[in-house]
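# Tertiary structure, described
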Amino acid sequence: MATCHNLKLSSKGLLVGNNVDHNMFVATGTDLSQSSDGSVSLTLNDGTCVTVLKRFEFDHHRMTQSAIVQRSDGTVCVFVKGSGESIERLCLRNTIPENFYNNLENAAKQGIYQISLAMKELNYDAKSVVTLSRDNVENGLTFVGFINFKNQLREDTPDVLAQLGAGDVISTMVTGDNTLTGINIAREAGLIKEDEEIIFGKSVDSAGIITWVNEDGDVTSLPSVGKIKNRSIALAVTGKVWAALNAESQGNASALAPFIRVFGRCTPLDKVSVIESFVSNGTTCCMVGDGGNDCGALKAAHIGIALSDAEASVVAPFTSLDKSITSVVEVLKEGRCALASALASYKYMIIYGQVESINQIANAYFSVTFHEWCWVFMDGIWMMSMAFALSLAHAETRLSPKRPTSSLLGAHTMFSALGVLVTNFIFTCIALGLLTSQDWYSCRKWDSTDISNITLIGDNYEASVLFIVTGYQYISTAMAFNFGYTHRASWWKNYVFVSLASIYTIVHFLATVWPSKLSCLWRLNCTNENVVPAVTASRIPINNVFNTTVMPLGFRIELIVIMVFNTIAIMSWEYFFVNGVGKKIAARLNKKSDFSNQPAYLLDHQDDVV
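In this report, we go over the structure that sits alongside the text. (Residues numbered from 1 in each chain as written. Predicted model: local features only at pLDDT ≥ 70, side-chain atom pairs only at ≥ 80, totals over all residues. Heavy atoms only, no water.)

The secondary structure content of the chain amounts to 20 helices and 19 strands. Taken over C-alpha atoms, the radius of gyration comes to 36 Å for the chain, far larger than the 25 Å a tight globule of 610 residues would show. Summarising its shape, the C-alpha atoms of the chain cover approximately 115 × 60 × 35 Å along the three principal directions. Burial statistics for the chain: of 610 residues in total, 49% are counted as buried. Taking the average place of the 46 positive charges on the side chains of the chain and the average place of its 55 negative ones, the gap between the two points comes to 3 Å. (Helix = DSSP H or I, 4+ residues; strand = E, 2+ residues; numbered from the N terminus. Rg over C-alpha atoms; globule rule 2.2 N^0.38 Å. Buried < 20%, exposed > 50% of the residue type's maximum accessible area, 1.4 Å probe, protein only. Lys, Arg positive; Asp, Glu negative; His and termini not counted. Charge placed at Lys NZ, Arg CZ, Asp CG, Glu CD.)

If you want it as structure tokens, here you go:
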């Protein structure tokens with residue numbers, strides 16, 4: 001406990017290294033000192049001094065770690081620790097107690113993380129041991145005993161796994177520890193339900209035949225995938241069994257993978273193999289790990305989350321600051337929110353382009369156009385600020401049972417965009433129809449025949465109505481797409497968007513009903529007394545035979561009503577049909593009997609214990 005580890009002192013004098021090694025070392029009461037050349041000396045709690053001559057770091061294939069030390073009396077010893085199965089193979093037969101394997105199995109079933117210890121004296125001096133290989137050292141050992149660690153779940157773990165399950169995410173444990181220990185932890189964490197039957201792939205012989213057992217240890221057979229689906233069965237396998245399944249049939253192994261809740265005694269390559277199996281099956285994979293043995297799997301997964309600042313954080317795209325698996329839920333929530341927000345902005349840009357096209361066609365039909373400040377607001381200020389603010393939505397507090405669509409041209413995206421587009425077009429036609437039905441309306445009342453000069457063909461009622469109604473559609477469409485539904489927080493929590501939309505609405509409605517310099521900015525309800533400078537010119541008088549674009553108050557109020565009902569219509573379409581009925585229909589159409597599109601979340605169970 002005091003010597004067999006890789007702990008070192010940092011520049012600040014703090015112990016740095018594996019958390020289990022750290023706790024084990026501190027428990028011995030030993031003092032560690034480190035010289036400038038890196039050599040380590042230890043002072044045990046009884047005052048005995050030992051010098052570490054050589055260390056062999058933990059090997060994931062051997063499942064052992066060792067250290068050669070010299071005692072104060074000059075004797076040289078090697079201390080080895082590792083998994084019970086590995087230590088048993090390295091020890092002399094007569095030093096292994098009869099209840100060795102019973103102890104291993106019982107400890108594992110109780111969820112105990114167990115380390116086996118062994119040692120032997122070496123007939124070498126301090127200088128000679130430097131040349132010894134690991135094979136020379138780790139053999140003919142004397143078994144010393146076990147050290148047991150109780151894996152206690154963090155309080156938030158069951159809730160995190162429950163949230164992942166509710167979010168349509170498969171959770172799987174991949175660990176280098178005993179598979180039975182993993183099963184115990186999985187039961188406690190809710191990864192394996194109480195009513196689920198466990199079938200454990202315990203071992204594989206030289207011929208590749210796998211031994212499957214139930215929880216009582218009785219030999220059984222592996223059911224077909226169809227029976228596993230219909231019955232409440234959870235599978236658990238060792239790394240060697242998983243390798244055998246892959247060697248026999250990768251297709252069969254991939255089909256079984258979604259039902260395997262615990263992968264135990266996995267080497268780093270086994271962990272990579274598990275990830276690659278999920279990925280090749282079309283599953284979006286998230287891997288969580290904290291050690292160097294997790295680096296390969298973290299890199300192979302679509303999403304890697306490191307729960308440490310050591311090697312894992314170098315290869316993982318995400319590093320948890322609080323070292324908790326709650327980060328998995330946060331990453332998924334933020335990811336789904338970002339995707340939903342991106343699609344909302346994308347749909348908004350589609351509608352922006354289509355409304356712009358409708359404007360151009362209507363302008364060409366009436367031989368009119370908008371003045372410069374109208375284009376500045378429509379193509380610049382309103383469009384850019386609304387599209388940007390849509391992406392600022394906060395994530396929902398809990399994961400939704402359904403993932404947001406990621407298809408740019410999928411049914412859900414097009415159903416939403418086309419519905420809003422058709423509704424906007426209908427209300428535009430209603431506004432123009434209402435204008436032409438007015439007894440005060442006269443079409444094309446200007447003198448110029450040069451329709452390329454926007455300063456001469458922009459002051460008319462057709463352009464005013466088009467700008468009022470379609471201009472506000474740039475704002476109201478964004479309001480419809482701001483609904484959070486199940487992946488983004490409620491619409492009112494997007495404070496930047498709500499503030500901008502409110503300001504734009506107030507200004508637009510004021511310009512519609514109140515003739516002033518504000519309305520004259522867009523040449524709406526404008527007289528020559530209130531004309532303001534254009535973008536590229538000074539004050540230009542109203543260019544029509546009436547010398548005004550002011551419309552009757554009653555008609556202006558009717559335009560306000562049209563804009564309000566237009567907004568209600570598209571918001572109702574988005575909220576009730578697209579995100580309500582439409583979601584249910586899409587869910588039924590996309591419902592599948594396999595797990596090919598479900599995201600998977602994998603973790604090393606030591607990442608979740610203390």
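Moving on, there is more to tell.
On the secondary structure map, G29 appears in the loop between α1 (19-28) and β3 (31-34). Spatially, the C-alpha atoms of G29 and N528 are 91 Å apart, while their sequence positions differ by 499 residues. Discounting residues that sit within four places of it in the chain, G29 has contacts with T43 and N45. (Contact = heavy atoms within 4.5 Å.)

Counting residues in each nonpolar core, the largest one holds 54 residues, and the members touching the most others are Y348, F370, W382, V465, F467, W522 and L559. Listing elements by their share of this core, those giving two or more residues are α13 (326-366), α14 (372-390), α15 (411-436), α17 (461-481), α18 (495-513) and α20 (553-590). When residues of this core are assigned to their parent elements, the largest contribution, 13 residues, is made by α17. Residues V169, M173, V213 and V262 belong to the second largest nonpolar core, which totals 31 residues. (Core = buried A, V, L, I, M, F, W, Y, C linked by side-chain atoms within 4.5 Å.)

This paragraph deals with the packing of helix α3 (residues 100-109) against helix α6 (residues 179-189). As a packed pair, α3 and α6 sit with axes 7 Å apart at the nearest point and diverge in direction by 20°. Comparing their axes, α6 and α3 come out roughly parallel. Classified by chirality, the crossing of α6 by α3 is right-handed. Between α3, through E105, A108 and K109, and α6, the contact on the second element is made entirely by L180, T181 and N184. Residue composition of the contact of α3 with α6, by class: two nonpolar, two polar and two charged. (Axes fitted to C-alpha atoms, helices over the stretch in contact; angles between N-to-C directions. Parallel < 35°, antiparallel > 145°, perpendicular 65-115°, else oblique. Left-handed = near helix turned anticlockwise from the far one by under 90°. Nonpolar A, V, L, I, M, F, W, Y, C, P; charged D, E, K, R; others polar.)

In this sheet, strand β14 (residues 233-238) lies alongside strand β11 (residues 197-204) in parallel orientation, the contact comprising five bridges. Directly across from I199, in β14, lies its bridge partner L235. Pairing between β11 and strand β12 (residues 210-213): four bridges, direction antiparallel. Counted as the bridge partner of F200 is V213 from β12. Here β11 hands over to β12 after five residues, with G208 in that stretch at a positive phi of 85°. (Pairing = 2+ DSSP bridges.)

By the definition in use, this model includes one disulfide. The disulfide bridge from C520 ends at C526, spanning 2.0 Å between sulfur atoms. Its S-S torsion of approximately 110° makes the covalent link between C520 and C526 right-handed. Of the two residues examined, C520 and C526, each falls in the buried class. The cysteine C4 is free of any disulfide, with C91 supplying the nearest cysteine sulfur at 13 Å. Judged by relative accessible area, C4 falls into the buried class, the value being 5%. The thiol of C77 is unpaired, and the distance to the nearest cysteine sulfur, on C4, comes to 13 Å. (Disulfide = S-S within 2.5 Å.)

Moving on to the packing of α13 against α14. Interaxial distance between α13 and α14 falls to 9 Å at its minimum, and their mutual angle equals 165°. Of the possible angle classes, the one that applies to α13 and α14 is roughly antiparallel. Of the two possible hands of crossing, α13 and α14 adopt the one that is right-handed. Residue-level inspection shows S341, A344, S345, Y348, M349, Y352, E356, N359, Q360 and N363 of α13 in contact with α14, the latter providing W375, M378, D379, W382, M383, M386, A387 and L390.

The subject of this paragraph is the sheet that holds strand β6 (residues 64-71). Each strand in a sheet pairs with its neighbour through backbone hydrogen bonds, running either in the same direction (parallel) or in the opposite one (antiparallel). Strand order in this open sheet of seven strands is β3-β4-β5-β6-β7-β8-β9, and the pairing throughout is antiparallel. One side of each edge strand has no neighbouring strand; the edge strands of this open sheet are β3 and β9 (142-150). Averaged over neighbouring strand pairs, the angle between their axes works out to 30° when direction is ignored. Bridge analysis of strand β5 (residues 49-59) against β6 gives seven bridges, and the strand direction is antiparallel. From the neighbouring strand, T51 faces β6, where its bridge partner is Q70.

This next bit is on the pattern of salt bridges. In total, this model carries 15 salt bridges according to the counting rule given. A salt bridge links R71 to E121, with the nearest nitrogen and oxygen atoms 3.8 Å apart. Of this pair, R71 sits in strand β6 while E121 sits in strand β8 (residues 112-122), and the two are 50 residues apart along the sequence. Classification of E121 as exposed rests on a relative accessible area of 51%. One continuous salt-bridge network, built from bridges that share partners, spans R62, R134, D135 and E138. (Salt bridge = Lys/Arg side-chain N within 4 Å of Asp/Glu carboxyl O.)

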